[in-house]
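Close look at the chain arrangement
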Amino acid sequence: MFGKKRIRKPGHRGPEDLPFADMDGKELHVGDYVESFRYALGYCRILLTDKGYVYESLENGTRINWARMIDASTKYQKVKKLDKKPT
């Protein structure tokens, strides 16, 4: 039971193969501002922490890991990239 190696199925994609892009396919980077469509985050900025990429809400300070924002059907993030910092 313990110590067994998990075997991936052929064609299985890991997190390193997923695009880090918004729902329109625009590439996301650290420091970008986005509007979140999950977890009532509102407007967020993207940060890089020791645990990886996170979205930090500008409204309440909540941080959510980027992997929780992946849309299962498109593999893109459930956010929309903003051109400038929201006011």
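Above this note sits the structure.
My aim in this report is to walk through the structure given alongside it, one point at a time. (Residues numbered from 1 in each chain as written. Predicted model: local features only at pLDDT ≥ 70, side-chain atom pairs only at ≥ 80, totals over all residues. Heavy atoms only, no water.)

**Brief notes about the overall build of the protein**
Within the protein, the secondary structure is distributed over zero helices and five strands. Listing every helix and strand of the protein by position from the N terminus yields β-β-β-β-β. Every one of the 87 residues in the protein was classed for burial, and the buried ones make up 32%. Nonlocal contacts in the protein, meaning residues at least 24 apart in sequence, comprise 44% of its contacts between residues at least 6 apart. (Helix = DSSP H or I, 4+ residues; strand = E, 2+ residues; numbered from the N terminus. Buried < 20%, exposed > 50% of the residue type's maximum accessible area, 1.4 Å probe, protein only. Contact = heavy atoms within 4.5 Å.)

**Re the pattern of salt bridges**
What the rule picks out here adds up to three salt bridges. Through salt bridges with shared partners, a single network forms among R45, E56 and R63. (Salt bridge = Lys/Arg side-chain N within 4 Å of Asp/Glu carboxyl O.)

**Section: the sheet that holds strand β3 (residues 52-57)**
Taken together, the five strands give an open sheet; going across it, the order is β4-β3-β2-β1-β5, and neighbouring strands pair in antiparallel fashion. Only two strands of the sheet have a single partner each, and these edge strands are β4 (63-65) and β5 (79-81). Taking each pair of neighbouring strands and ignoring which way they run, the sheet shows an average axis angle of 40°. As defined by bridge partners, strand β2 (residues 43-49) adjoins β3 across six bridges and the pair is classed as antiparallel. What sits directly across from C44, in β3, is S57. (Pairing = 2+ DSSP bridges. Axes fitted to C-alpha atoms, helices over the stretch in contact; angles between N-to-C directions.)

**A word on the pairing of strand β1 (residues 33-36)**
Where β1 and β2 come together, three bridges link them in antiparallel fashion. In the strand pairing of β2, Y33 is matched with R45. Between β1 and β2, which pair antiparallel one after the other, the connecting turn spans six residues, and Y39 there sits at a positive phi close to 60°. Two elements, β1 and β5, share three bridges in a ladder whose sense is antiparallel. Considered in β5, the bridge of V34 is made with K81.

**Thoughts on the packing of aromatic side chains**
One pass over the full model with this rule turns up two aromatic pairs. With centroids separated by 4.7 Å and ring planes inclined at 25°, the aromatic side chains of F20 and Y53 adopt a geometry described as stacked. Highlighted residues: F20 in the segment before β1 and Y53 in strand β3, separated in sequence by 33 residues. Where F20 meets W66, the ring centres are 6.0 Å apart and the plane angle is 85°; that geometry is what we call edge-to-face. With F20 in the segment before β1 and W66 in the loop between β4 and β5, this residue pair connects regions lying 46 residues apart in the sequence. Of the two residues, F20 and W66, neither departs from the other in class, the shared state being buried. By the ring-pair criterion, three or more aromatic residues cluster together here, those being F20, Y53 and W66. (Phe/Tyr/Trp six-rings, centres within 6.5 Å; stacked < 30°, edge-to-face > 60°.)

**Details of the side chain of E56**
As for its position among the elements, E56 is in strand β3. Apart from residues no more than four positions distant in its own chain, E56 is found in contact with Y43, C44, R45, L47, G61, T62 and R63.

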